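Structural overview
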There are 2 protein chains.
Amino acid sequence: MIKPEHGREPKVVGPVLGDGFGEALRECWTAGGKTGHSYATIERDDGFLFITDVAEYFDDFDKLERHEQWAVKRAKGRVLDIGCGAGRHAIAAADMGADVIGIDPSPGAVYVSQQRGVRALKRTMKEQEPDIGKFDCMLLLGYNLGLLESRQEAVEILASLALKAEVGTRLFGNSLDPAMSSHPDHARYREENRRQGRMPGAYQVRIRHKNLTTDWFDYLYLSSKELEELIVDTGWEITEMETEGQSYAVELTLTRAGAVFPA
Amino acid sequence: MIKPEHGREPKVVGPVLGDGFGEALRECWTAGGKTGHSYATIERDDGFLFITDVAEYFDDFDKLERHEQWAVKRAKGRVLDIGCGAGRHAIAAADMGADVIGIDPSPGAVYVSQQRGVRALKRTMKEQEPDIGKFDCMLLLGYNLGLLESRQEAVEILASLALKAEVGTRLFGNSLDPAMSSHPDHARYREENRRQGRMPGAYQVRIRHKNLTTDWFDYLYLSSKELEELIVDTGWEITEMETEGQSYAVELTLTRAGAVFPA
């Protein structure tokens, strides 16, 4: 690698807005789910890049992290897999007898999930229509507690989920404690978040693949303690927890329905 | 993966200018050269991302592409490995008896190469000082014919290399024919290049890793026919060639020294 000295001025014109995440999944699926072939690049708004070999979205139960296995094994009855990706958790839960519907706003993710036998719908967890009924159990695995976005959004999102639930409904999600990374760039990012009144692990990211990128969106890493504080008025309570290194999975149970949430 | 709807405005502040390429190599080296751990993201100026698992920069001879093996086996005597990266070609050539010096402008690449036993210097191929003598053979492998940058720069660069050479000196390099990719984004990029009077495979790229990025630089993919036309007045001639799919390696031989080049 040599850095030339007489480059022309770069004309940065892209990337193009599109289903960067889903296209990475679709490419990997077409290639038989093999590793070392298709990557999603998660770009944080400080320029930090996280690279994911999307073959991991095709992992079967045995390859899931231990705390995710713990959660999947507890998903019973009618299950909503939120942000189902390529369907790894939906398939694992269905194999254990659950009746699973997956949702994801990414057309590519929905396509791949369907190809793999998952009943998958293109929608976000905030959408109520068309009605797909109530669920015994919801999954926010694959670190999808991150989809709670922020301290502010979390209440609204949990209210939306409660509308698909009844008292006793359980929600399994996982995350990691952002404070456990000592990488100076992450420490700096957390500090800037604090300075601006946000939770330390509140990331703004987009997912890029080849020439495509998603819009920027909020993604939240939070410790179990932060989660506990955040849900205090939502009717959801942490009823079980499984930790694994800096990661953890929780079982949330809905203990009060409806009244505590905005309409 | 769910796309939230109420994101804050992204404040894109990075990435930071630095040795993105070298830091990826250094990280991979620290991790024992294992795959699936460290990635370099090559970002083209149309927003297209190419992801490289930098473990491949640590490949031993047996893992090199066949046309690169062909080239390495022919590198004899005093060898200059240009853009040596983590030293894969330098080490392979040295193992076969060559006396190799590697150069790379990336401090991280030089560090890793040195750790792996390569005599490596931090410099570009255009730099003449301090004098490191003449070479029997030069390597532009790992697709480092790309470092010829452009039609215009190639003559200057080959002149600079000729100053380290004598008539009969051989240069082994490889590239790939950019026209053989039918991906619509690549086709569009080539077309835009043609429209602007550049060679179709003239890429403007930068290498990113975590929060770091190199400067934008020119990198040229060219067919063997384009190479042949480009070097016609440089004193270098294609004397051997080995093809492999859309890739190829050439042996260039310096047939005339000095006079044809600018001072």
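Report on the accompanying structure. These figures come from a predicted structure and were not determined experimentally.

**Considerations on the pairing of strand β13 (residues 247-254) of chain A**
All names here are of chain A. Burial analysis of β13 places eight of its eight residues in the buried class, the great majority of the element. Every second residue of β13 is oriented toward a common face, with S247, A249, E251 and T253 on one face and Y248, V250, L252 and L254 on the other, all of them buried. With eight bridges joining them, strand β12 (residues 236-244) and β13 adopt antiparallel strand pairing. Counterpart to I238 in the pairing with β13 is L252. Counting the residues between successive antiparallel strands, the hairpin from β12 to β13 contains two residues, one of them, G245, with a positive phi of roughly 60°.

**Quick look at the state of the cysteines**
Summed over the entire model, instances satisfying the criterion amount to zero disulfides over all chains. For C28 of chain B, which is in no disulfide, the shortest distance to another cysteine sulfur is to C84 of chain B and amounts to 15 Å.

**As for the sheet that holds strand β8 (residues 170-176) of chain A**
Hydrogen bonds along the backbone pair up the strands of a sheet, which may run parallel or antiparallel. Residue and element names in this part refer to chain A. Strand order in the open sheet made by the seven strands is β6-β5-β4-β7-β8-β13-β12, with mixed pairing throughout. Since the sheet does not close on itself, it has two edges, and those belong to β6 (119-122) and β12, each with one partner. Neighbour-to-neighbour, the strand axes of the sheet open up by a mean angle of 20°, direction not taken into account. For strand β7 (residues 137-140) and β8, the ladder comprises four bridges, and the chain directions are parallel. From the neighbouring strand, C137 faces β8, where its bridge partner is R170. Sitting on the sheet, helix α3 (residues 88-95) touches β4 (78-82), β5 (99-104) and β7, and the angle it makes with β5 is about 175°. Against the sheet, helix α4 (residues 107-115) contacts β5 and β6, and its axis sits at roughly 165° relative to β6.

So, how was this worked out
Residues numbered from 1 in each chain as written. Chains lettered and ligands numbered in written order. Predicted model: local features only at pLDDT ≥ 70, side-chain atom pairs only at ≥ 80, totals over all residues. Heavy atoms only, no water. Buried < 20%, exposed > 50% of the residue type's maximum accessible area, 1.4 Å probe, protein only. Helix = DSSP H or I, 4+ residues; strand = E, 2+ residues; numbered from the N terminus. Pairing = 2+ DSSP bridges. Disulfide = S-S within 2.5 Å. Axes fitted to C-alpha atoms, helices over the stretch in contact; angles between N-to-C directions. Contact = heavy atoms within 4.5 Å.

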